[in-house]
Amino acid sequence: MIEKKRRNIIKRLQRTPKWKKEEFSEIEYEPTPVKDLLTEMKDISELIIDLAYSAVLFDNEEIAEEVKYLEVRMDKLNYDIRIMAMMAARTKEDAEQLAGILQVAQSAEKISNTAGDIVLILKDKNRPTLSRILSKADEKIFRIKVFSNSKACKQKIGNLKIETETGMRIIAIRRENIWIFNPQSDAILMANDWLIARGTDEGFEDLDKFLKGKLRVLE
Amino acid sequence: MKKKTSEDIVLEIKDKSELMVDLAYSSLLYDNKIIAKEVYDLEDLIDNLFGKLQKGSLEDVQKGKLTVNAALTLMRLAKAGEEIADAAREIADVELRDVELHPILKMSVQESDVVLTKTQVDSRSILCGKTLGELKLGSETGMMIIAMRHKNRWLYGPNKNTKIDRGDILFAKGPEDGEKHLINLAKAETDEI
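Next up on the list: the overall build of chain A. The helix and strand tally for chain A stands at nine helices and four strands. Mapped from its N terminus to its C terminus, chain A presents α and β elements in the order α-α-α-α-α-α-β-α-α-β-β-β-α. Its C-alpha atoms put chain A at 60 × 60 × 35 Å along the principal axes. Burial status across chain A gives 40% buried among its 219 residues. The contacts in chain A between residues at least 6 apart in sequence include a share of 79% that link residues at least 24 apart.

What follows covers the overall build of chain B. Secondary structure summary: chain B contains seven helices and four strands in total. Ordered by position from the N terminus, the helices and strands of chain B form the series α-α-α-α-β-α-α-β-β-β-α. Each of the three principal axes of chain B carries a C-alpha extent, and together these read 60 × 40 × 30 Å. Within chain B, the proportion of its 193 residues that are buried is 47%.

Here we take up the sheet that holds strand S1 (residues 140-145) of chain A. Adjacent strands of a sheet pair through backbone hydrogen bonds, lying either parallel or antiparallel. All names here are of chain A. What the four strands build is an open sheet, ordered S1-S4-S2-S3; its pairing is antiparallel. The outermost strands of the open sheet, each flanked by one partner alone, are S1 and strand S3 (178-181). Here the average twist between neighbouring strands, direction ignored, is 20°. Pairing analysis gives six bridges linking S1 to strand S4 (residues 194-199), with the strands arranged antiparallel.

A few words on the sheet that holds strand S3 (residues 153-156) of chain B. All names here are of chain B. Read from one edge to the other, the open sheet built from four strands follows the order S1-S4-S2-S3, with strand pairing classed as antiparallel. Of all the strands in the sheet, just strand S1 (115-120) and S3 have a single pairing partner and so form its edges. Across this sheet, the average inter-strand angle for adjacent strands is 15°, counted without regard to direction. Those strands touched by helix H1 (residues 6-29) are S1, strand S2 (144-150), S3 and strand S4 (169-174), and its axis lies near 60° from that of S2.

Residues and elements named next belong to chain A. Locating Arg175 in the fold gives a position in strand S2 (residues 169-175). Judged by C-beta crowding, with 15 C-beta atoms within 10 Å, Arg175 ranks as partly exposed. Residues Arg175 and Thr114, spaced 61 residues apart in sequence, show a C-alpha to C-alpha distance of 28 Å. Dropping the residues within four chain positions of it, Arg175 is found in contact with Ile180, Met190 and Asp193.

Our next topic: the domain arrangement of chain A. Residues and elements named next belong to chain A. For chain A, the assigned domains are domain 1 (26-127) and domain 2 (138-211). Each of domain 1 and domain 2 was reduced to a C-alpha centroid, and the two centroids are 25 Å apart. At the junction of the two partners, domain 1 supplies ten residues and domain 2 supplies nine residues. Breaking the side of domain 1 that touches domain 2 down by element, the ones donating at least two residues are helix H3 (34-57) and helix H4 (61-88). If one sorts the elements of the side of domain 1 that touches domain 2 by residue count, H3 sits on top with six residues.

This part is about unusual backbone geometry. All names here are of chain A. Phi is positive for Lys154, close to 65°, though the residue is something other than glycine. One can find Lys154 in the loop between S1 and helix H7 (157-160). For Lys154, a count of 9 C-beta atoms within 10 Å puts it in the exposed group.

Right, let's talk about the domain arrangement of chain B for a bit. All names here are of chain B. Partitioning chain B into domains gives domain 1 (6-105) and domain 2 (113-186). For domain 1 and domain 2, the distance between their C-alpha centres works out to 24 Å. Tallying the contact residues gives ten residues for domain 1 and nine residues for domain 2. Of all the elements in the fold, those that place two or more residues in the side of domain 1 that touches domain 2 are H1 and helix H2 (33-62). Ranked by the residues each element gives to the side of domain 1 that touches domain 2, the list is headed by H1, at six residues. Considering only residue class, the side of domain 1 that touches domain 2 consists of seven nonpolar, one polar and two charged.

On to the environment of Lys156(A), then. Residues and elements named next belong to chain A. One can find Lys156 in the loop between S1 and H7. For Lys156, a count of 14 C-beta atoms within 10 Å translates into the label partly exposed. Along the primary structure Lys156 and Leu70 are separated by 86 residues, whereas in three dimensions their C-alpha atoms are 25 Å apart.

As a further point, take the packing of H1(B) against helix H4 (residues 103-111) of chain B. Residue and element names in this part refer to chain B. Look at H1 against H4: their axes get within 8 Å of each other, and the N-to-C directions meet at 130°. One way to sum up the angle between H1 and H4 is to call them oblique. Along this stretch, H1 crosses H4, giving a crossing that reads as left-handed. Where H1 approaches H4, its residues Tyr25, Leu28 and Leu29 are matched on the opposing element by Leu105, Lys106, Val109 and Gln110. A class-by-class count of the residues in the contact of H1 with H4 yields five nonpolar, one polar and one charged.

A few words on the interface of chain A and chain B. The parts lose accessible area when they come together, and the size of an interface is often stated as this lost area. Every contact between the two is made by 40 residues of chain A and, on the other side, 43 residues of chain B. Every element with two or more residues in the side of chain A that touches chain B is listed here: H3, helix H5 (92-120), helix H6 (127-134), helix H8 (162-166) and helix H9 (201-211) of chain A. Its residues placed into classes, the side of chain A that touches chain B shows eleven nonpolar, 14 polar and 15 charged.

The next subject is the packing of H4(A) against H5(A). Residues and elements named next belong to chain A. Running from N to C, H4 and H5 cross one another at 170°; their axes reach a closest spacing of 9 Å. As judged from the angle between their axes, H4 and H5 are roughly antiparallel. On the side of H4, the interface is formed by Ala64, Val67, Lys68, Leu70, Glu71, Met74, Asn78, Ile81, Arg82, Ala85 and Ala88, while H5 contributes Asp94, Leu98, Ile101, Leu102, Ala105, Gln106, Glu109, Ser112, Asn113, Ala115, Gly116 and Val119. Looking at side-chain class alone, the contact of H4 with H5 contains 13 nonpolar, five polar and five charged residues.

Analysis parameters
- Residues numbered from 1 in each chain as written.
- Chains lettered and ligands numbered in written order.
- Predicted model: local features only at pLDDT ≥ 70, side-chain atom pairs only at ≥ 80, totals over all residues.
- Helix = DSSP H or I, 4+ residues; strand = E, 2+ residues; numbered from the N terminus.
- Buried ≥ 20, exposed ≤ 12 C-beta atoms within 10 Å, placed from the backbone.
- Contact = placed C-beta atoms within 7 Å.
- Pairing = 2+ DSSP bridges.
- Axes fitted to C-alpha atoms, helices over the stretch in contact; angles between N-to-C directions.
- Domains from an automatic or database assignment.
- Nonpolar A, V, L, I, M, F, W, Y, C, P; charged D, E, K, R; others polar.
- Parallel < 35°, antiparallel > 145°, perpendicular 65-115°, else oblique.
- Left-handed = near helix turned anticlockwise from the far one by under 90°.

Here it is in C-alpha cells:
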C-alpha cells in the first residue's frame, strides 16, 4: 500500500511541468554578478518572444511550456538582480547608476511577460488570422527538417556558420521527443531533426536547400 | 494610397516594436541620446497606431468584415507589441537620464547572444551605392541593419530600397562572427559578400 502511494507521488512529480518546479523551488541566495544576471535577462527577453510566436504559429504546447518556464526564470532573475544591486550600492551615485540597471532588468522582465500573453492567443483558436499576419512580417519564423543526406548532419551549428551564412537564427531543435531550446554553437544537428528558426525568406530558401541535401555547402 | 487594413497596422506595430528594442539596447551600448530619443518618438507612433487599430477593428466587426474572435486576436497581438514598445522606451529612458551609465549595462549588451555593432562605410567599400535589397546583408552575413546615419540624417529600420553611401554609419545586429564580416566589408578589407 505504502509502496503504491510512493509510486503515485513519484509519478505525479514526473508529470510536474518544468516551470512549476522552478516556481516552487526555494529561492536561495546565491551571489551572481549583476552583469551575468542582466546578460541572461536580455538573452531571454529576445528569445522568448520568438518562442511565443512559434508556440502559437505551430500550435505547440511544449514550446508554450518553455515560454512559461522562461517567464518564471525571469522572475527569479529579476529578484536576484534587485538583491545584488542593493548590496552593491554604497553611495547615492552608486544607487543612481544601479537604478538604471534595475530599470533595464525590469523592462526585460516586462517583455517576457508579454510573451506569456502572446501564448494565451493559443487558446483563442484564431491561428489563421495570426499565421497570415506573421507571414508578412520582416522576419518570419520557419520550421525546417534536417534530411539524412544533408551535409549538416552530425555537424555543430557553430561550424556550419548557419547564422552568418543565411541570417537564420535557430531558436529550437526538436529531436524525436526532446526539445533543445536556444541551441548554442556547440549543439550538433542530426538527421530528422526539426529546426525552428527565425529569418528572411531568402535565408530560409538557402538553409532549406542545404538541409534537404540539395546544396552541399552554405556560402 | 490604399487605406491600411487592421492587419497591416498590427504588422507595423510588431515590426516597429522589435526594432525599438534593438535601438534601445544600441543607445545604451553607444551611449547615444539621438537613438534613445528616436525610441521615444517611435513609442508615440505606436500608441497612435494602437488606438487606430482598436477603433478600426471594432468598426470592421460592426460592418461584419471581421468576426469578434478575429478582432480580439488582432487586438491582443497589437497589445503585445505595444507593451514591448513600452519596455523599449523604459530602456531608452535610462540613456536619456542625466546619470552616467553604469559600465555593466554596456558589458551586458556586448556579451549577449545577439550582438550589436556600428561601423562607418569607407569610400572604397563594395557596399557604396548599393541598396540593401541588392546586398542582402541579412542572409549573406547574418547582420541586419537596424539604423543608419547618412550625413546628418538618421534612418531607422531601413528597407530594401535604402541605398548605402560612403561615409554612412551603419548600426546592425546579428551573430558574433557576422560582426567582423560586416566591418570588413564596410572598411573595404574584403569585397566578398
